[in-house]
Amino acid sequence: MARILVVEDNALNIKLFCDLLAAHGHEPEAVTDSRVALERARAFGPELIITDIQLPHVTGPELITQFRADEALAAVPIMAVTA
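Residues numbered from 1 in each chain as written. Predicted model: local features only at pLDDT ≥ 70, side-chain atom pairs only at ≥ 80, totals over all residues. Heavy atoms only, no water.

## Considering the overall build of the chain
What the chain contains, in helices and strands, is three helices and four strands. Across the chain, helices and strands are ordered from the amino to the carboxyl terminus as β-α-β-α-β-α-β. Over its C-alpha trace the chain gives a radius of gyration of 12 Å, about what one expects of a compact globule, namely 12 Å for 83 residues. Within the chain, the proportion of its 83 residues that are buried is 36%. Considering only intrachain contacts with a sequence separation of at least 6, the fraction spanning at least 24 residues in the chain is 63%. Entry remark: accessible area of the chain is about 4800 Å², with carbon and sulfur atoms responsible for 57%. Charge separation in the chain, taken as the distance between the mean sites of 6 positive and 12 negative side-chain charges, equals 2 Å. (Helix = DSSP H or I, 4+ residues; strand = E, 2+ residues; numbered from the N terminus. Rg over C-alpha atoms; globule rule 2.2 N^0.38 Å. Buried < 20%, exposed > 50% of the residue type's maximum accessible area, 1.4 Å probe, protein only. Contact = heavy atoms within 4.5 Å. Areas by Shrake-Rupley, 256 points an atom, 1.4 Å probe, with all protein chains shown as cover. Lys, Arg positive; Asp, Glu negative; His and termini not counted. Charge placed at Lys NZ, Arg CZ, Asp CG, Glu CD.)

So this is what it looks like as structure tokens:
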């Protein structure tokens, strides 16, 4: 189905997202460090990005700005989540 990048620093949330996505036939890829999320997204080629808003180092809004500025990722839908 879809390749989905999950950017999340909480291990329990990563497990929840990835397990649910995989159970529905998707291919999730987890990134726990927002500083490497852009590089991983370029390599993975996601069809959807799910990102936490409250991340250490590079915040969710900053990360979304980076994704939108990248030609290869600019059109990828982004879902922002927060607790």
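## Considering the pattern of salt bridges
Across all of its chains, the model carries five salt bridges by this definition. R3 serves as the salt-bridge partner of E47, at 3.5 Å between the closest nitrogen and oxygen. Of the two residues, E47 sits in the loop between α2 (37-44) and β3 (48-52) while R3 sits in strand β1 (residues 3-7), which places them 44 residues apart along the sequence. Taking the relative accessible area as the measure of exposure, E47 reaches 38% and is therefore partly exposed. On the basis of relative accessible area, R3 is assigned to the partly exposed category, the value being 31%. A salt bridge links K15 to D19; the nearest nitrogen and oxygen atoms lie 2.6 Å apart. Separated by four residues within a single helix, K15 and D19 lie in helix α1 (residues 11-23), roughly one turn from each other. A relative accessible area of 40% places D19 in the partly exposed class. (Salt bridge = Lys/Arg side-chain N within 4 Å of Asp/Glu carboxyl O.)

## With respect to the pairing of strand β4 (residues 78-81)
Remark: a regular strand shows side chains that alternate across the two faces of the sheet. Relative to β4, β3 runs parallel, the two being bridged by four bridges. Residue D52 lies in a different strand from β4, and its bridge partner there is V81. The handedness of the β3 to β4 crossover, carried by helix α3 (residues 60-69), is right-handed. (Pairing = 2+ DSSP bridges. Right-handed = clockwise from strand over helix to strand, strands pointing away.)

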